[in-house]
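A closer look at the structure
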Amino acid sequence: RNDKWYSNLSFSPGQKGSFRPYGKIGWKRALSVKGWTKSHKRNFDYAMIVLNQDIGKSIGWMGYGWKKPMPKYNININGYPGDKPFGTMWHAFCKMKIITTYRLYYPCDTYGGMSGSAVYVYWKSKNKRTIYGIHAYGVDSTGLNGATRIRKAVFENLKKWKATY
């Protein structure tokens, strides 16, 4: 709301209440696009946080991608909703209902605090997960929750940032 970046934040993968199985990891850089940071357009509401250490080598990675056209997949969202006990991760599963150029809409149960969570598809037969969106908004005029869609331009930005930082 005040056009300033947060500071002194940390990441605790797999947190369960006060238990942090992988500790707390600080971050060294936050990246976003002017469509969000300057213009505040929800179609551009995404960012990348670069952590101080490569935790993925210990706990693994989740892929990300884009598709055109995008099928109405069954999706998953894991996050830390503010209406649940502190530091507890919750899972939601549902089918995408509306797909637009910039947004994905779904009826999954979410709550404030889950923003930034991956919206991903899980293929059990391949034991593979692919992120196709970033959960960013609760129920809007569609009557559904929504995510910023990873479209080709977003995919290319993420790829460039990953290679650079």
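Note that the coordinates shown come from a computational prediction; the quantities given were computed from them, not determined experimentally.

**Comments concerning the pairing of strand β2 (residues 25-32)**
Regular strands place side chains that alternate from one sheet face to the opposite one. Pairing analysis gives two bridges linking strand β1 (residues 10-11) to β2, with the strands arranged antiparallel. Opposite Ser10, over in β2, you have Gly26 as the bridge partner. When β2 meets strand β3 (residues 47-51), the two strands line up antiparallel, connected through five bridges. The partner of Ser32 across the bridge, within β3, is Ala47.

**Quick word on unusual backbone geometry**
With an omega of 0°, the peptide bond between Lys68 and Pro69 qualifies as cis. Looking at where Pro69 falls in the secondary structure, it is placed in the loop between β4 (63-64) and β5 (74-79). One non-glycine residue, His40, adopts positive backbone phi at about 55°. Within the secondary structure layout, His40 lies in the loop between α1 (34-37) and β3.

About the criteria used
Residues numbered from 1 in each chain as written. Predicted model: local features only at pLDDT ≥ 70, side-chain atom pairs only at ≥ 80, totals over all residues. Heavy atoms only, no water. Pairing = 2+ DSSP bridges. Helix = DSSP H or I, 4+ residues; strand = E, 2+ residues; numbered from the N terminus.

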